[in-house]
Amino acid sequence: METPHHQVRATWTESTITVYQAYSPGIAEPALAAGRFVTPFRRERMTWIKPSFRWMMYRSGWATKPGQERVLAVELTRTGFEAALTRSCASSFDRARHPDRATWARALKASPVRYQWDPERSLQMQPLPFRSLQLGLSRDAVDQYVDEWIVGLHDVTGLAHQIHAHVSAGELETAQALLPPETPYPLPPDVAEAIDATV
């Protein structure tokens, strides 16, 4: 079955969804110790979360890029995740969703959350013909993320390096088997509409 162009795929349970972020050890280690993001994590900056493990690997270079050496799996409530989606605005202008750029710019400025769809990546980091969601949180959405929505933080840097080693060795089946299982996330219709996603 063909994967829809805009579909949220993630590791999720009845009450939670897992997203990924990459940070320097200086930010990741205090967060892991506290079980939540603490100083020097900065709430004033937009923080991007990604449900796709492979897209996080693409963005962080398999946890090797400077400032992205530690990859965290962030488990958050589905209620919080969906609340963020309903308050989001597309990060780029889409004529199908806004009549003109000025209207979109006003919506973008007013929203504390922005979404974008980027090409999903293969294990070899090649773009695939369908998209993966990224969600940027700012202002009060960051406060809610840190203080209310996060259920747990887990370090998956070792897993990232292990999978990358198998990919580098051409052992793609072994690498594939180690990936966190990601299945279509059951978005409510109104939430799907808010981010131009396929239910």
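On to the sheet that holds strand E3 (residues 47-49). Spatially, E3-E7-E6-E5 is the arrangement adopted by the four strands of the open sheet, whose pairing is mixed. Each having just a single partner strand, E3 and strand E5 (88-90) make up the two edges of the open sheet. With strand direction ignored, the average angle separating the axes of adjacent strands in the sheet is 40 degrees. In the sheet, E5 pairs with strand E6 (residues 113-121) via three bridges, with the strands oriented parallel. Residue pairing in the sheet places Ala 90 in a bridge with Tyr 115 of E6. Packing of helix H3 (residues 78-86) onto the sheet brings it into contact with E5, E6 and strand E7 (127-137), and relative to E7 it is tilted by some 95 degrees.

Quick look at the pattern of salt bridges now. Applying the stated criterion to the full structure yields 10 salt bridges. A salt bridge links Asp 143 to Arg 43; its shortest N-O distance comes to 3.0 Å. Of this pair, Asp 143 sits in helix H5 (residues 140-149) while Arg 43 sits in the loop between helix H1 (25-34) and E3, and the two are 100 residues apart along the sequence. On the basis of relative accessible area, Asp 143 is assigned to the partly exposed category, the value being 32%. Salt-bridge contacts for Asp 140 lead to Arg 87; the nearest nitrogen and oxygen are separated by 3.0 Å. Here Arg 87 lies in the loop between H3 and E5 and Asp 140 lies in helix H5, a separation of 53 residues in the sequence. Given the relative accessible area of 33%, Asp 140 is considered partly exposed.

Right, let's get into unusual backbone geometry. Backbone geometry follows two general trends: most residues other than glycine have a negative phi, and most peptide bonds adopt the trans configuration. The step from Thr 39 to Pro 40 runs through a cis peptide bond, and the omega angle for that step is 20 degrees. You can see Pro 40 is positioned in the loop between H1 and E3. One non-glycine residue, Asp 196, adopts positive backbone phi at about 60 degrees. Its location among the elements puts Asp 196 in the segment after helix H8 (189-194). The class for Asp 196 is partly exposed, based on a relative accessible area of 32%.

Throughout the structure, instances matching the rule amount to nine aromatic pairs. On the numbers, 6.0 Å between centres and 80 degrees between planes, the contact of Trp 12 with Tyr 185 is edge-to-face. Of this pair, Trp 12 sits in strand E1 (residues 9-12) while Tyr 185 sits in the loop between strand E9 (183-184) and H8, placing them 173 residues apart in sequence. Put simply, the rings of Tyr 23, Phe 37, Phe 41 and Tyr 145 touch in pairs and so form one group of aromatic residues. Stacked on the ring of Tyr 58, the Lys or Arg Arg 121 has its end atom at 3.7 Å from the ring centre.

Reading guide: rules and limits
Residues numbered from 1 in each chain as written. Predicted model: local features only at pLDDT ≥ 70, side-chain atom pairs only at ≥ 80, totals over all residues. Heavy atoms only, no water. Pairing = 2+ DSSP bridges. Helix = DSSP H or I, 4+ residues; strand = E, 2+ residues; numbered from the N terminus. Axes fitted to C-alpha atoms, helices over the stretch in contact; angles between N-to-C directions. Contact = heavy atoms within 4.5 Å. Salt bridge = Lys/Arg side-chain N within 4 Å of Asp/Glu carboxyl O. Buried < 20%, exposed > 50% of the residue type's maximum accessible area, 1.4 Å probe, protein only. Phe/Tyr/Trp six-rings, centres within 6.5 Å; stacked < 30°, edge-to-face > 60°. Lys NZ or Arg CZ within 6 Å of the ring centre and 35° of its normal.

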